[in-house]
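# Examination of the molecular architecture
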Amino acid sequence: DRICAVFTQPDRPAGRGQPLHAGPVKTRALEHGLRVHQPASFKSPEALEILRSLGLDALVVVAYGLILPPAALRSPKLGCINIHASLLPRWRGAAPIQRAVLAGDATTGVTIMRMEAGLDSGPMLASRAIDIGADDTAKTVHDRLARLGAELIGGTLDALRRGGVREVPQPSEGVTYAEKIHKAEALIDWQQDAVQVWRRVRAFNPWPIAETRLNGAQLRIWDAEMRGAGTVPGTEPGTVLAATRDGIDVACGRGILRVLRLQLAGRKPLFAREFIKGLRLDG
């Protein structure tokens, strides 16, 4: 097998002065001496002509972020194949990993599917499941699924070439949509149950990071754990019940969340034992 070219989104401005920076896909591709194309859209005749000129057997798409029009989908001989980070038809859409953690799903996985005009609705070629553990964040789930997807796509492409793939239509029942994550979702509502807040902390790590306010300033929460499920009589949700070396216990609408690692704006993340030095947080 030979990788003919890599397509990725255009360089984006980042950092002080906002110079253009290459993304990790482009950087890795260039390290391996691969040809890189960065069309702003596949709707232009120029982008489609580049695709056709490559004479591709297959086009593998992973979290690309751009819509492929029908002409692009038809270009490769064996079609366009997507590595999707969920067990379809659950969590079609932009943020399947975060939505699975946020919903408290016990399992997720990777589905290799043939792309068509609909949103993640094409027939399935292969899939494999993993468990979502209590300590998992969106980052840890992402990293495990990335390795799994890489393993699964290799075997799928070999089977496609031999004509040995069985395409299974997605069931119409059980379809859910994983909407794009917005930064506004990161703000914690302490009126929620502790389990909901805990899932939010895990789902939004490493981006956008769940946050609250401390004396009016942004306070990001990177890691937390459940400490109790019952209500705390006479205590306003969001109140700090205890701040010790083991963590900072916060009352929720129901239950208690123990904050383990947190970060003030402009500072680095700290474990609770370091964060509380010189700070009075109780109450």
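Here, the structure is the one placed above.
Now for a description of the structure that goes with this document. (Residues numbered from 1 in each chain as written. Predicted model: local features only at pLDDT ≥ 70, side-chain atom pairs only at ≥ 80, totals over all residues. Heavy atoms only, no water.)

Moving on, we get to the overall build of the protein chain. For the protein chain, the helix and strand inventory stands at seven helices and 16 strands. Across its three principal directions, the C-alpha atoms of the protein chain cover 65 × 50 × 25 Å. In the protein chain, buried positions account for 41% of the 283 residues. Accessible area for the protein chain stands at about 15700 Å²; split by element, carbon and sulfur atoms hold 52% of it. A gap of 4 Å separates the mean positions of the 38 positive and 29 negative side-chain charges of the protein chain. (Helix = DSSP H or I, 4+ residues; strand = E, 2+ residues; numbered from the N terminus. Buried < 20%, exposed > 50% of the residue type's maximum accessible area, 1.4 Å probe, protein only. Areas by Shrake-Rupley, 256 points an atom, 1.4 Å probe, with all protein chains shown as cover. Lys, Arg positive; Asp, Glu negative; His and termini not counted. Charge placed at Lys NZ, Arg CZ, Asp CG, Glu CD.)

So, about the state of the cysteines. Under the criterion given, the structure shown has zero disulfides. Cys 80 supplies the cysteine sulfur nearest to Cys 4, a cysteine that is in no disulfide, at a spacing of 13 Å. Residue classification places Cys 4 among the partly exposed positions, given a relative accessible area of 22%. (Disulfide = S-S within 2.5 Å.)

Hydrogen bonding along the main chain pairs the strands of a sheet, whether they run parallel or antiparallel. The strand order across the open sheet built from four strands is E5-E6-E8-E9, with neighbouring strands paired in mixed fashion. Of all strands in the sheet, those with a lone pairing partner are strand E5 (59–61) and strand E9 (124–131), marking the two edges. Neighbour-to-neighbour, the strand axes of the sheet open up by a mean angle of 15°, direction not taken into account. Judged from the seven bridges that link them, strand E8 (residues 107–114) and E9 form a sheet pairing that is antiparallel. Bridge pairing in E9 places Gly 109 opposite Ala 129. Of the strands in this sheet, E5, strand E6 (80–84), E8 and E9 touch helix H5 (residues 138–162), which is tilted by about 155° from E9. (Pairing = 2+ DSSP bridges. Axes fitted to C-alpha atoms, helices over the stretch in contact; angles between N-to-C directions. Contact = heavy atoms within 4.5 Å.)

Counted by the stated rule, this structure contains 15 salt bridges. Notably, a salt bridge pairs Asp 158 with Arg 161, separated by 2.9 Å at the nearest N-O pair. Here Asp 158 and its partner Arg 161 are both found in helix H5, three residues apart, which amounts to about one turn of the helix. Note on Asp 158: relative accessible area 26%, which makes it partly exposed. A relative accessible area of 54% means that Arg 161 is categorised as exposed. Between Arg 227 and Glu 225 there is a salt bridge, with its nearest N and O atoms 3.8 Å apart. (Salt bridge = Lys/Arg side-chain N within 4 Å of Asp/Glu carboxyl O.)

Our focus in this paragraph is helix H6 (residues 194–203). Where burial is concerned, most of H6 is hidden: seven out of the ten residues are buried. All of the buried residues along H6 are Ala 194, Val 197, Trp 198, Arg 200, Val 201, Arg 202 and Ala 203. Tucked into the core, H6 has its buried residues touching helix H4 (96–102), H5, strand E12 (217–228) and strand E15 (256–264).

To continue, consider the nonpolar core. For soluble globular proteins, nonpolar side chains are generally found buried alongside one another. Membership of the largest hydrophobic core comes to 26 residues, with the highest contact counts inside it found for Ile 81, Ile 97, Val 110, Ile 112, Val 141 and Leu 145. Of all elements in the fold, only E6, H4, E8, E9 and H5 reach the threshold of two or more residues within this core. Residue contributions to this core peak at seven residues, all from H5. Excluding its chain neighbours within four sequence positions, the residues that come into contact with Ile 97 are Ala 85, Ala 138, Val 141, His 142 and Leu 145. Residues Ala 194, Val 240, Cys 252 and Ala 272 belong to the second largest nonpolar core, which totals 22 residues. (Core = buried A, V, L, I, M, F, W, Y, C linked by side-chain atoms within 4.5 Å.)

Let's shift gears to the packing of aromatic side chains. Counted under the stated rule, the structure contains two aromatic pairs. Between Phe 7 and Phe 42 the ring centres are 5.5 Å apart and the planes differ by 45°, which places this aromatic pair in the tilted class. Taken together, the residues Phe 7 in strand E1 (residues 6–7) and Phe 42 in the loop between strand E4 (36–37) and helix H2 (45–53) connect sequence positions 35 residues apart. Ring-pair connections join several aromatic residues into one group, and the members of that group are Phe 7, Phe 42 and Tyr 64. Above the ring of Trp 198, the side-chain terminus of Arg 202 is found at 4.4 Å from the ring centroid. Lying across the ring of Phe 271, Arg 261 places its NZ or CZ 6.0 Å from the centre. (Phe/Tyr/Trp six-rings, centres within 6.5 Å; stacked < 30°, edge-to-face > 60°. Lys NZ or Arg CZ within 6 Å of the ring centre and 35° of its normal.)

Relative to the assigned elements, Gln 98 resides in helix H4. Gln 98 sits in the partly exposed class, given a relative accessible area of 21%. Apart from residues lying up to four places away in sequence, Gln 98 is in contact with Ala 138, Ile 181 and Ala 203.

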